[in-house]
Amino acid sequence: MGSMTIGAKYKTTLKDPGTTGVLRMNEDKFTFTPHDPRSAMKLNVDFRSIKGHKFNKVDGSKPAPPLLNLSKDSDKGGGYMFEFDNVTNRDLSRDFVAKVLGKQQGTIPPKPNVPPENSVTSTGEEQLSAAEMQRRMKLLQEDSELQKLHMKFVLGNILQESEFWATRKNLLEDEANKGSKQRPGFKSAMLADVRPSADGRTNKVTFSLTTEIIHQIFAEKPAVHRAFLDFVPKKMSEKDFWTKYFRAEYLLRTKNTVAATAEAAEDEELAIFLKNDDILAKEARLKIKRVDPTLDMEADAGDDYIHLPDHGIIRDGSKETIDNDGELARRTLSQDLNRHAAVVLEGRSSDVELTDTKTVAEAIARSKKEPPSSSISDDTNHERLVKVARMTEIEDLQAPRSLPYAPLCIKDPREYFDSQQANALRSLGGNNDGRHARNCRLSTDDAFDHLLGQISSIKVNGLNYPVIQSDVALKVLNELNEGISRSRRLNLKNPQDSLLGQIPRRTRDELMDHWAAIQELLQHFWSSYPITTSVLYNKVQRIKDAMTQIYQKLQDIKESAQPDVRHEISQLVKPMTQALDAAFNHDLEQQQKSSKSGNKPNGF
Amino acid sequence: MASSKLYSDDVSLAVVVVDTNPLFWATAALPFADFFAHLIHYVNSLLLLNHLNHVVVIAAGLSSCTYIFDSSDASASGAADVAATFAKASRKMDEFIAEDARATSSNGSVADGNAASLLSGALSLALCYIQRVFRSGTRHPQPRILCLQGSPDGPEQYVAVMNSIFSAQRSMVPIDSCIVGTQDSAFLQQASYITGGVYLKPQELNGLFQYLAAVFATDLHSRTFLRLPKTLGVDFRASCFCHKKTIDMGYVCSVCLSIFCKYHKKCSTCGSEFNRVMPDLNSVPDQRQ
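First, a word on scope: everything that follows refers to the structure included in this document. Because the structure is a prediction, the values reported are computed rather than measured. Starting afresh in each chain, residues are numbered from 1 along the sequence in its written order. Think of it this way: whatever chain is written first is A, whatever ligand is written first is 1, and the rest follow in order. In keeping with the model being predicted, local features are shown solely for residues with a pLDDT of at least 70 and side-chain atom pairs are shown and tallied solely at 80 or more, while totals for entire chains, interfaces and linings include all residues. The side-chain figures draw on all heavy atoms in the structure; neither hydrogens nor water molecules are used.

### What to know about the packing of aromatic side chains
Aromatic ring pairs are defined here through the distance separating the ring centres and the angle between the ring planes.
Residues and elements named next belong to chain A.
Part 1 of the reasoning: Aromatic pairs are defined between Phe, Tyr and Trp rings, using the six-membered ring for Trp, whenever the two ring centres lie within 6.5 Å; interplanar angles under 30 degrees are classed as stacked, those over 60 as edge-to-face, and all others as tilted. Counted by the stated rule, this structure contains 16 aromatic pairs over all chains.
Part 2 of the reasoning: Their ring planes at 85° and their centres at 5.4 Å tell us that phenylalanine 164 and tryptophan 165 sit as a pair that is edge-to-face. Each of the two residues, phenylalanine 164 as well as tryptophan 165, counts as buried.
Part 3 of the reasoning: Judged by centre distance (5.1 Å) and plane angle (85°), the ring pair of phenylalanine 241 and tryptophan 242 falls under edge-to-face. Of the two residues, phenylalanine 241 and tryptophan 242, neither departs from the other in class, the shared state being buried. Buried, partly exposed and exposed residues are distinguished by accessible area as a fraction of the type maximum, computed with a 1.4 Å probe on protein chains only: under 20%, between the cut-offs, and over 50%, respectively.

See the structure below:
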């Protein structure tokens, strides 16, 4: 890269007349030496501190001095502005700075003829979830050809990550569906009735609780869950909490109303377990409100069957009709069964490892959402109904909900080349050894005169005897036999006689790679039309450059082929070059169309 | 009965279509004089193979086509010899070329340098001749057509050529193709493929007679026992009906199967309109409201 020395003016601001001097630049730094030795505008700056460079466009109509601005980091602020004598000197300096910055940033330097964009239109790296990133990396590791394409085009700055994976949504969808696992659920047995173990000698009973049981108690009884979060460990320990809980269960089961009332009056915490679950009551009222009003039901808040005194069978099977006070909880068997069934169908929503009770309680609290308010619109109601219907489905028994897609069928290159073996030999004898068409252009009258002259010579000379030499006849017969034998051999459909089998392995693999690359590039090329944004335009330019490189490599392969396999390689390369030529011709047509429309601003 | 069997099996009616495009023969590797000699010897060979064989030669020029030889126009003596065939054919060819030159000079549109031969006209003449032979009696020779083509295809004749090919296929008349020019003919490739004929592009043009005698002189019955050159690939591209140029991707009318290179709102062949929208029954306002 070397260095360069050029005359310039250093300006602190745009309106500053500037200090005339000499600008010297090399790979590491640039210096500015003013002509006036007494001036204090000497500079000695490392290129490491320069992060960008800008320049202005100089038009013939608007006279403006050519400027080049070398900017530092945004936090430090400031920069160095130079004015040059003419545009050529400025462009030379700009190119030098571009190369240095490109080299130290490790990226390809921008093209000198393209001015940098004033507005930053390049979007940053898209926000990918960890699962999506893992799926992509997994696909790249499993498929070596996909990894090769990714390395060639995405790491080669021809395609972006989103563009590369946009054409492979079906692969990601299949990978995502594969990752869904079977979720553990709750047992259908009602474990809430934990039976204590009792020794016969004392009145002491022991309750053994596991995290599974605790999880189910919290799921089926939201009030107990809320009390646990409120009291433990601030007011009482976990052991005291469960002691009070089972004390309340004992009082309810023994139906000792007087004792229950007395203990509820004394112990405020114990009273919570002896009351009705207000969370469940609220949920029931909300469900009733979601009933379609066109069903003409006289629904009211009292229809949740909780307050009916004689409805249903009491929890333990008795049909006691004593009119107790409403403070104590009354639970019927159907209510408990319905609640348990709802919990089983909801499933275990949290994936947290159930290690201790605190983790279980916090996990359920995170997964639970606040019930919606009573004032809801019809659309929201419909959406909620859809969600509720979906929520109650057991996901293990449903089909995967992947969206139906029509994948782009990219033909396997091997099948394509095998099917081309017949067409490859279409021009059997296609080499024009026996005939050389002269390119001289005759007028019609001259051609007719020539033909009439030939016929006149026929009349004068008569027929030749013999009309064909014997050695020529032998050559013709040999050629016909050779051609017939070859076509007969090819019709045997022997895989060993495939067109690809006659090519050396290294060349064959190279052609396969080129074919896969060409398919990828053409897919993105044709999907970019019509070009409506500058992003698409830049994408098409990058793709065209890549296609030009592959085209050149294909030409090199054809030229460097061995004579015995040159014909087969030429036949294999022809469809690739034809596909690329179609793309290039389309691009030329678009350019001509745009330039033609530019020539007629008023239209036809 | 033996005579009838022989007559229906191995008696041939060979219609030879000769490309007499002067623009091609002016620059051809094989001079027309030599080509004509090969042709005459081939015709005489066919007549010598079976005394009931029937050979007709049609010349396809730039502006017209005509019969230049018909073996059924024998002299009163009934003896056909090489000298007589040559004399008649050369005289007819001379007259036809002079007439075609006059017609071409009067027709200004053919004056450009890349005019094509009237292949469609020649094929139509051949098929009409074969139809007359079909309808002349219950016993007739097995007809086939041999095209000796040198000049490139004319895309403007695509429709007429394809119609002739389908007519030949319907009549079970094979079309053999022998290309004496430098490039393959997509029209004749499709013709031989569809009608079951033989397509050949000789390498050694000096041995043209050997190709004709070895491949194209066999009658249709004998071809079932012989192994003849097979076409390894067919160029199935078509010509558009609007600009008469060769295309490999285009639009097709769903009514008459016309081929276009651009989207049209109306078919120029059958008049079908492609943009017609069916009336929307749901847009009728509700009378109850």
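### Comments concerning empty space enclosed by the protein
All names here are of chain B.
Part 1 of the reasoning: For cavity detection a 1 Å grid was placed over the protein atoms alone, and a set of points counts as a cavity when a 1.4 Å probe fits there but cannot get out; an open set counts as a pocket when protein lies on both sides within 12 Å along at least five of seven lines, with lining residues being those that have an atom within 4 Å of a point. Grid points are joined across faces, edges and corners, and a volume is the space filled by probe spheres set on the points. With the rule as written, the count across this model stands at three cavities of 30 Å³ or more.
Part 2 of the reasoning: Its volume calculated, the largest cavity comes out at about 50 Å³.
Part 3 of the reasoning: Considering the residues around the largest cavity, the lining is formed by Ala116, Ser117, Leu119, Gln149, Pro152, Asp153, Gly154, Gln157, Val161 and Phe187.
Part 4 of the reasoning: Throughout this entry, Asp, Glu, Lys and Arg are counted as charged residues, while Ala, Val, Leu, Ile, Met, Phe, Trp, Tyr, Cys and Pro are counted as nonpolar. The remaining residues, Gly among them, count as polar. A per-class count over the lining of the largest cavity returns five nonpolar, four polar and one charged.
Part 5 of the reasoning: Approximately 40 Å³ is the volume found for the second largest cavity.
Part 6 of the reasoning: If you go around the second largest cavity, the residues you meet are Phe36, Leu39, Ile40, Val43, Val57, Ile68, Phe69, Thr85 and Ala89.
Part 7 of the reasoning: Secondary structure counts use DSSP, requiring at least four H or I residues in a row for a helix and at least two E residues in a row for a strand, with both numbered from the N terminus. Looking at the lining of the second largest cavity, the elements that each hand over two or more residues are helix 3 (32-49), strand 3 (65-70) and helix 4 (82-106).
Part 8 of the reasoning: The biggest single contributor to the lining of the second largest cavity is helix 3, with four residues.
Part 9 of the reasoning: For the lining of the second largest cavity, the per-class residue count stands at eight nonpolar, one polar and no charged.

### Some thoughts on the packing of helix 2 (residues 130-142) of chain A against helix 3 (residues 144-153) of chain A
Residues and elements named next belong to chain A.
Part 1 of the reasoning: The geometry of helix 2 relative to helix 3 is characterised by a closest axis approach of 5 Å and an angle of 115° between their N-to-C directions. Classified by the interaxial angle, the pair formed by helix 2 and helix 3 is roughly perpendicular. Residues Leu139, Leu140 and Glu142 of helix 2 touch helix 3, and the partners they reach there are Ser144, Leu146, Gln147 and His150.
Part 2 of the reasoning: Among the residues making up the contact of helix 2 with helix 3, the classes are represented as three nonpolar, three polar and one charged. Lines fitted to C-alpha atoms define the axes here, with helix axes fitted over just the stretch in contact, and angles between the N-to-C directions of these axes take values from 0 to 180 degrees. Each angle receives one of four descriptions, namely roughly parallel if under 35 degrees, roughly antiparallel if over 145, roughly perpendicular if within 65 to 115, and oblique otherwise. Between two residues, a contact is recorded if the distance between any of their heavy atoms is within 4.5 Å.

By themselves these figures say nothing about function.
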